Amino acid sequence: MEMLNNCHYKERNHKDQSLFSAHKRRVALFVDSKNLSVNHKATILLFIKYSFHHCYPSFQQFHMAPAQLRLVFLTIFLRFIAAQQNDGSVSVGASLTATSDVKPWLSSFGEFAFGFKQVQWNDNFLLSIWYEKIPDKTIVWYPEEGRMVPTGSKVELLRESGLVLTDPQGTEVWRSGSISGVTSGFMNDTGNFVIFGSNSRKLWGSFDFPANTLLPTQVMEIGGGMNSTINTTNFSGGRFQ
């Protein structure tokens, strides 16, 4: 902390500026490879910029710093990225496209994932929530009827519609009810995906619409119900309710 308090900004010479610019480009390429929102990327780059500006009057001093100090700085940076990437929040306008390598929206500790689950490595995808940290990645929620969608389908969090699932032609397949005024989404470590409006008011939650699984802390209201599936690859309503 004392070192940070004694850091001051000084104008760099041309060589320092060139070194810093090259390093910033490498950081930008690394950040772009992550599944982060635009705001998160900008925040990370600002973090890097001001860390160097205020803590190292000359960029070369960073390379001359003790190895332990550089290790501490890089550890803080990586933890910062992890926190930005996995805080569970989903911004309005965020979307996922059904492909074999799409990254899901993770809960803050990575226990649950929301996204497209490929079924038996074919062209069928199921919009769903699943256990992310277990080998089987068991699915615990999906929209009613469990309809499969092909590669190229998209789910998006929209301000005036909530979650909207469309096929590759843009035809709406499913939406999260009739809601508007959405400000954010959040993937909880309980397995509940929640959509919020202004003043953090809950507008919709996946726990309110169970599929074939009830999770700990999930409560079924009077009059609610859930259906079995036909089998492990067909999520349409089965024989039991």
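Engineer: Whenever I open this one, the overall build of the chain confuses me. Can you help?
Structural biologist: Across its full length, the chain carries 5 helices and 13 strands. Taken across its 241 residues, the chain has 34% of its residues classed as buried. Of the contacts formed within the chain by residues at least 6 apart in sequence, a portion of 44% connects residues at least 24 apart.

Engineer: I would appreciate a short explanation of the sheet that holds strand 10 (residues 172-175) in the present structure.
Structural biologist: Picture the strands of a sheet paired through backbone hydrogen bonds; they go either parallel or antiparallel. The sheet built from 4 strands is open, its strands ordered 2-8-9-10 with antiparallel pairing. Across the chains shown, the open sheet's two edge strands, defined by having one partner strand only, are strand 2 (95-97) and strand 10. On average, adjacent strands in this sheet sit at an angle of 15° to one another, irrespective of strand direction. In this structure, strand 8 (residues 154-158) lies alongside strand 9 (residues 162-166), joined through 5 bridges in antiparallel fashion. Counterpart to Leu-158 in the pairing with strand 9 is Gly-162.

Engineer: How do you make sense of the sheet that holds strand 12 (residues 193-196) when you look at a structure like this?
Structural biologist: The sheet built from 4 strands is open, its strands ordered 1-11-12-13 with antiparallel pairing. Two strands in the sheet have a free side with no partner beyond their single neighbour: strand 1 (89-91) and strand 13 (202-205). Across this sheet, the average inter-strand angle for adjacent strands is 25°, counted without regard to direction. Two strands pair when backbone bridges link them, and strand 1 and strand 11 (residues 184-187) are joined in this way by 3 bridges, in the antiparallel orientation. The residue of strand 11 that forms the bridge with Ser-91 is Ser-184.

Engineer: Would you explain the environment of Trp-130 in this entry?
Structural biologist: Checked against the element boundaries, Trp-130 lands in strand 5 (residues 124-131). Distance from Trp-130 to Gly-115, taken between C-alpha atoms, is 8.6 Å for residues 15 residues apart in sequence. With near-sequence residues (within four places) excluded, Trp-130 lies in contact with Pro-104, Glu-111, Phe-112, Ala-113, Phe-114, Gly-115, Phe-116, Lys-117, Lys-137, Thr-138, Ile-139 and Val-140. Side chain to side chain, Trp-130 and Glu-132 meet in a polar contact 2.9 Å long.

Engineer: Any chance you could explain empty space enclosed by the protein here in plain terms?
Structural biologist: One water molecule sets the probe size; rolling that probe over the atoms shows where empty space is left. Across all of its chains, the model carries 1 cavity of 30 Å³ or more by this definition. Of the volumes computed, that of the largest cavity is approximately 40 Å³. Within the lining of the largest cavity, the residues separate by chemical class into 6 nonpolar, 3 polar and no charged.

Engineer: Explanation requested: the pairing of strand 5 in the structure shown.
Structural biologist: In summary, the side chains of a regular strand alternate between the two faces of the sheet. Burial analysis of strand 5 places 6 of its 8 residues in the buried class, which makes it a mostly covered element. Where strand 4 (residues 112-118) lies against strand 5, 7 bridges are found, and the strand directions are antiparallel. Its bridge partner lying in strand 5, Lys-117 is registered against Leu-126. Note: strand 5 against strand 7 (residues 149-150), 2 bridges, orientation antiparallel. Residue pairing across strands places Phe-125 opposite Val-149, the latter belonging to strand 7. In the sheet, strand 5 pairs with strand 6 (residues 139-141) via 2 bridges, with the strands oriented antiparallel. Bridge pairing in strand 6 links Ile-129 to Trp-141.

Engineer: What exactly am I supposed to notice about the pairing of strand 8 here?
Structural biologist: A one-sided burial pattern is seen for strand 8, the buried positions being Val-155 and Leu-157 and the unburied ones Lys-154, Glu-156 and Leu-158. As paired elements, strand 2 and strand 8 share 3 bridges and run antiparallel to each other. When the sheet's bridge partners are listed, Thr-97 is paired in strand 8 with Lys-154. The hairpin formed by strand 8 and strand 9 contains 3 residues between the paired strands.

What counts, and at which threshold
Residues numbered from 1 in each chain as written. Predicted model: local features only at pLDDT ≥ 70, side-chain atom pairs only at ≥ 80, totals over all residues. Heavy atoms only, no water. Helix = DSSP H or I, 4+ residues; strand = E, 2+ residues; numbered from the N terminus. Buried < 20%, exposed > 50% of the residue type's maximum accessible area, 1.4 Å probe, protein only. Contact = heavy atoms within 4.5 Å. Pairing = 2+ DSSP bridges. Axes fitted to C-alpha atoms, helices over the stretch in contact; angles between N-to-C directions. Polar contact = N/O pair within 3.5 Å; in protein donor to acceptor, adjacent residues only side chain to side chain. 1 Å grid on protein atoms, 1.4 Å probe; cavity = no way out; pocket = protein on both sides within 12 Å on 5 of 7 lines; lining within 4 Å. Points joined across faces, edges and corners; volume = space filled by probe spheres on them. Nonpolar A, V, L, I, M, F, W, Y, C, P; charged D, E, K, R; others polar.

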